[in-house]
Structures are given as C-alpha cells and as structure tokens.
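Per-entry structural report
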Amino acid sequence: MDPNEHALHNAPFLWRNPEPKASYDAVIVGGGLHGLSTAYYLAKNHGLTNIAVVERGWIGNGNAVRNTTIIRSNYLWDESAAMYEHALQLWEGWEEELDYDILFSQRGVLNLAHNLHDERESIRRVNANRLNGVDAEWLDADAVKEFCPIVDISPEARYPVMGATLQRRGGIARHDAVIFALGRACDALGVDIIQGCEVTDIDVVNGRVTGLQTSRGPIAAGKVGLVAAGRTSLLTAMAGFAVPIQSHPLQALVSEVYEQVLNCVVMSNAVHVYVSQAHKGELVMGAGIDAFNSYAQRGGLHVIEEQMSAGMQLFPQFSRARVLRTWGGIVDVCPDASPIVGLTPVENLYVNCGWGTGGFKATPGSGWVMAHTIATGEPHALNRPFSLERFETGELIDEHGAAAVAH
Amino acid sequence: MFQIRCPYCGPRDEPEFKYGGQAHVAYPADPEQLSDEEWTRFLFVRDNSRGRYAERWNHAAGCRRWFNVIRDNGTHEMVGSYRSGEQPEDAR
C-alpha cells in the first residue's frame, strides 16, 4: 500500500499529516516509538516545538508493531539498571500523562532458572537489582508454581524449573495504544509528523549537519537525531561514519485468542522463549534473532519452531494452541547488547540505536535522554555511559547473557 | 529457511549451518601499529549495508568446513557460494 494513503487514513483522528516545512530547529529521523518519544520530550521538557519526525513508511509499521510488549528493568549492570528503571518509572505515569488507555499492566515478569548456574546468576542479579533500587525477588520452584500455576515445574522435565527471579513491577502494555498516545501527544505539542518521507542523504558542511535530503524534498535542520533502529547504519553511512551494529531479523508469533490462562510474563534463557498473554487473549511469544544479517523483515521458520518447542516445554497445555500469525522485524544489535545514545563525529547530529531485541520497554526513557542530548548538546547522566566512544575506550556495558535474556 | 550451497557437500537446509558474519575481514597485518580507532574498527565494526553481502558460513552439521556465500540481505536471494581462499567473483 502507498504509505501516504495509509497515513491519510490515520491522520484526521490522532495527528495531522502536514507537508514538510523548509526548515526546522530539529528533525528526528524515524517515526517509531523511540523517535516519537524523543520528539515528545523535546517539546514537553525542552520547549522545542519547531520540530519534525520524518518517517519513511507510516507511523506504526516497523518495530513499534512487531515487538512482544514486555516491560521490565531487571538488568544486571548499574548503567543499564539506571536507564531501564528510569524508563519503567516513566511508564508508571504515562497512562495518566498521555491521557490514553495504553493498557499498562504490571503483572510481573518471571525469569526462570533451569540449572545451578542459572540459579546463581539469577540470585546475583536479584541482589544487584536491589542495590540499584530495582524491585526483584528470588522464588523457588514451588513459589513459581504458586505465582504462575500453569508453568510445568515437574522434576521430570528435560530442563526442570529450579526457581525464578520475579520483578512484580514488570509487565506489558498495548503497543498500538502507545503509538496512538505518543503520536497524538506529539501532534498536540506542535510536532510535525511527516510520513512517507524517506531520507536519501544527510547534508554535512564543515563537520556539522545542516539538513536532510528526502523523498519529499530538502529539509533544513539545526539539529538531527537518528532514531532508526535497524536502518541506522544506512543513515550514518550518508553522514560519513559507521556504528558498530548489525541488523538482524527478530521473529515473534501470536496464537489464536484464548481465555486468560497466563497471568504474568514468563521468560526463560535456557529453554529460550518469552511468553505473555495479550489483554485480548493471544499468547505472545518471542525468542532470539536469526543469526544472519538482513533488512528483509522476515526470518526462518525453524527459528519459530524452536521457540514454540521451548514454549511447550514450559507450558505443556499450549500443545493444543494454534498459531495465528508470525512476523519479523529488523533489530539493531550492538557487540555488547547495549544501546548507543549520544553524540556522533558530526556536530549537531545525534544517534539513538542499538536497542537490539529489547527496545520497547525503554521507549519513555530512551526518548527522555535523547531529547536531553539533542536539546543541550550534551548527554544526560543516564546515557553518558552509552556513548559511541565506549567501543574505543573499552568501557563496554556487556549485557550479553547478563540482561536476564539471551539476545 | 534458506537453502545454502556448501561448496563441498552441495545444497543443504540452513539449520545445518552456523553463521560467521562478514567475509574477507583480514587480521591486521601489523597489529602493533594500529591506533585505538583502527582497533575499534577491526574488533567491533562490520559492514551493515543493504544488498549483496559476502558472508561466512560453517557447515556445522555436515563437513564442518568454513566457506563464503554471497547473499542479498534485502531480498534473501542466494547469489552463490565459494570456498575459503577464493574470491567473490568465484561464487557460483
């Protein structure tokens, strides 16, 4: 479908569909959740309202509608815990602030442990979380069964459940509603949301960004924020530098609609699947990336098969559930599985990428710190460690395996 | 799921293979002379362009040998494969 046609279909209800102006104080490239969140906080926290979000497709066609909606902040390292906990606290106020029913449900997130190593790492993470003010508990297998009765904890299981960490404040939100809420809020603050507008080049003069060439004509910009997830590398190449990310497919699936049987989010690293049940009743499952690079927004069926077999390990009763739909998105994976949010070698050009497989939960916090970075020209204390330079200084934030889920 | 042509065993299904990332990334000839920036590029930065991409695969559940594949990562078209030591133009 012609993206403009789709955009116009939405426009009268939640946001305008304006023609791009010749010039803006700041332009955000990428109309996904993080891009909209950035624009929202630029306008709300920093009073920048002569700004635009340019989106090559339409609002709500990329990873914003391809995620599994899980929200949590139980990351191991201090830098990540601070970043994601800030985001979680913003989630806790968003329904009221955005005046939209985003179905934010703090139903709890279980991260299962299946062997002694898992158990030790989990307890270590619980302790680290508590030191960082993140709510976390260790549950033994019986307590897991009590909290989530349909998990199979029988010792005969191939990978028996030995216990789990629980973050009670974690949960899910309805991703579509978050898009609508943010788009409307941005528009109400005066942000131009320009859909069907693909960036074809980035103008850099004497090491400073001056504007964008787009499929809808040139747009001059005082500042530019690249918030384009899996397509970030294509944009930074236009500006003459590279970011250490690789774009991979990440697939997920939903079942047909069933009665509510799963009361929380369940994640398992060793068996490798994460499962929740949407408000409407679909079981939502995801797991790891397809190994290869891709911009095609699809992956191999055997990856879906693996996550379904993992789901059946944990929930034998799901064997009779039927798959309604599977899909793939493009995720931007960093070598240390942590995002890059900050300055670039080009003046007034900022980048927010590398959230990989876990960006949805960070939506409010990512926008908050990116808006601060763009408005002030300096990183916020929370995103200072997530700089592009860390790959040169060696100050990596290695969340591979530490972040309570395999990537 | 891809079908990948192992240059030694012929076409097989993707789950038999392990992915190895961008091909033809040579170890620095004079590592002691590298600046921090050059090390960063060697260790962490790989081509992430869209289109035809030269990449390494290992036939893990077969002959266990490494080889190279040219694949269009925008369309998933398999252009061809070739042995380690050969060049992209040898792909078939």
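To start, this report covers the structure provided alongside it.

What counts and how
- Residues numbered from 1 in each chain as written.
- Chains lettered and ligands numbered in written order.
- Predicted model: local features only at pLDDT ≥ 70, side-chain atom pairs only at ≥ 80, totals over all residues.
- Heavy atoms only, no water.
- Buried < 20%, exposed > 50% of the residue type's maximum accessible area, 1.4 Å probe, protein only.
- Helix = DSSP H or I, 4+ residues; strand = E, 2+ residues; numbered from the N terminus.
- Pairing = 2+ DSSP bridges.
- Axes fitted to C-alpha atoms, helices over the stretch in contact; angles between N-to-C directions.
- 1 Å grid on protein atoms, 1.4 Å probe; cavity = no way out; pocket = protein on both sides within 12 Å on 5 of 7 lines; lining within 4 Å.
- Points joined across faces, edges and corners; volume = space filled by probe spheres on them.
- Nonpolar A, V, L, I, M, F, W, Y, C, P; charged D, E, K, R; others polar.
- Salt bridge = Lys/Arg side-chain N within 4 Å of Asp/Glu carboxyl O.
- Core = buried A, V, L, I, M, F, W, Y, C linked by side-chain atoms within 4.5 Å.
- Parallel < 35°, antiparallel > 145°, perpendicular 65-115°, else oblique.
- Contact = heavy atoms within 4.5 Å.
- Expected span 1.5 Å × (residues − 1).
- Bend = angle between axes of the 7 residues up to and from the residue.
- Disulfide = S-S within 2.5 Å.
- Buried area = accessible area lost by both parts, 1.4 Å probe.
- Polar contact = N/O pair within 3.5 Å; in protein donor to acceptor, adjacent residues only side chain to side chain.

**Section: the pairing of strand S13 (residues 265–268) of chain A**
Residues and elements named next belong to chain A. Burial of S13 is two-sided: the residues Val265 and Met267 facing one way and the residues Val266 and Ser268 facing the other way are all buried. Bridge count between strand S4 (residues 109–113) and S13: four bridges; the pairing is parallel. Its bridge partner lying in S13, valine 109 is registered against valine 265. In this sheet, strand S14 (residues 273–277) lies alongside S13 in antiparallel orientation, the contact comprising three bridges.

**Let's talk about the sheet that holds strand S5 (residues 66–72) of chain B**
Residue and element names in this part refer to chain B. Taken in spatial order, the four strands make up an open sheet running S3-S4-S5-S6, and their pairing is antiparallel. The sheet terminates laterally at strand S3 (18–22) and strand S6 (78–83), the two strands that pair on one side only. Each neighbouring strand pair of the sheet contributes to a mean axis angle of 30°, computed without reference to strand direction. Looking at chain direction, strand S4 (residues 52–58) and S5 are connected through seven bridges and run antiparallel.

**Let's talk about the layout of surface pockets**
Residues and elements named next belong to chain A. Considered as a void within the structure, the second largest pocket measures approximately 480 Å³ in volume. Surrounding the second largest pocket, 20 residues form its lining, His175, Asp176, Ala278, Glu282 and Arg325 being those nearest its centre. Every element with two or more residues in the lining of the second largest pocket is listed here: helix H6 (175–188), strand S15 (282–289) and strand S16 (323–333). Here the lining of the second largest pocket is composed, by residue class, of eight nonpolar, six polar and six charged.

**Section: the pattern of salt bridges**
All names here are of chain B. Under the counting rule described, the total for this entry stands at 18 salt bridges over all chains. The closest approach of N and O atoms between glutamate 55 and arginine 71, which form a salt bridge, is 2.6 Å. Residue glutamate 55 is found in strand S4, and its partner arginine 71 is found in strand S5; the two are separated by 16 residues along the sequence. You can call arginine 71 buried: its relative accessible area is 0%. For glutamate 86, the salt bridge is made with arginine 92, and the minimal N-O distance between the two is 3.9 Å.

**Description of the nonpolar core**
Burial of nonpolar side chains together is a common tendency in soluble globular proteins. Residue and element names in this part refer to chain A. Counting 50 residues, the largest nonpolar core has Tyr40, Trp91, Trp94, Ile102, Val178 and Leu182 as its most contacted members. At the level of secondary structure, the elements contributing two or more residues to this core comprise strand S1 (23–29), helix H2 (33–46), strand S2 (51–54), helix H3 (78–97), H6 and helix H9 (363–376). Ile202, Val209, Leu212 and Val243 belong to the second largest nonpolar core, which has 29 residues in total.

**Description of the packing of H2(A) against H3(A)**
All names here are of chain A. One can describe the packing of H2 onto H3 by two numbers: an axis separation of 15 Å at closest approach and a directional angle of 75°. Here H3 runs roughly perpendicular to H2, going by the angle between their axes. Counted together, Ser37, Tyr40, Tyr41 and Lys44 of H2 and Leu90, Trp94 and Glu97 of H3 form the full contact between these two elements. Here the contact of H2 with H3 is composed, by residue class, of four nonpolar, one polar and two charged.

**Considering H3(A)**
All names here are of chain A. Taking 1.5 Å of rise per residue, the 20 residues of H3 would be expected to cover 28 Å, and the 28 Å separating its terminal C-alpha atoms lies within 8% of that figure. Considering bend angle alone, the principal kink of H3 is centred on tryptophan 91 and spans about 30°. For H3, the set of buried residues is Ser80, Ala81, Met83, Tyr84, Glu85, His86, Ala87, Leu88, Leu90, Trp91 and Trp94. Contacts made by the buried residues of H3 are with H2, strand S3 (70–71), strand S6 (163–167), H6 and H9. Just downstream of H3 lies aspartate 99, where phi reads positive at about 55°.

**Concerning the state of the cysteines**
Put plainly, a disulfide is one covalent bond tying together the sulfur atoms of two cysteines. In the structure shown here, the tally under the stated rule is zero disulfides over all chains. We note that Cys6(B) lacks a disulfide partner, and the nearest cysteine sulfur, in Cys9(B), lies 3.8 Å from it.

**Notes on the interface of chain A and chain B**
Quite often, the size of an interface is put as the accessible area lost when its parts meet. Opposite the 23 residues of chain A that make contact, chain B presents 22 residues. Both faces combined, the contact of chain A with chain B buries some 1,900 Å², and carbon together with sulfur accounts for 56% of it. Its largest share of buried area at the contact with chain B, chain A owes to Phe292(A), Asn293(A) and Tyr295(A), together 31% of the area lost on that side. One can count zero salt bridges joining chain A with chain B. For the interface between chain A and chain B, the tally reads 12 residue pairs in polar contact (both at pLDDT 80 or more). Contributing elements (two or more residues each) for the side of chain A that touches chain B: helix H7 (232–238), strand S12 (246–257), helix H8 (301–314) and helix H10 (390–393) of chain A. Of the residues belonging to the side of chain A that touches chain B, the class tally is 13 nonpolar, seven polar and three charged.

Function-wise, these values are silent; they only describe arrangement.
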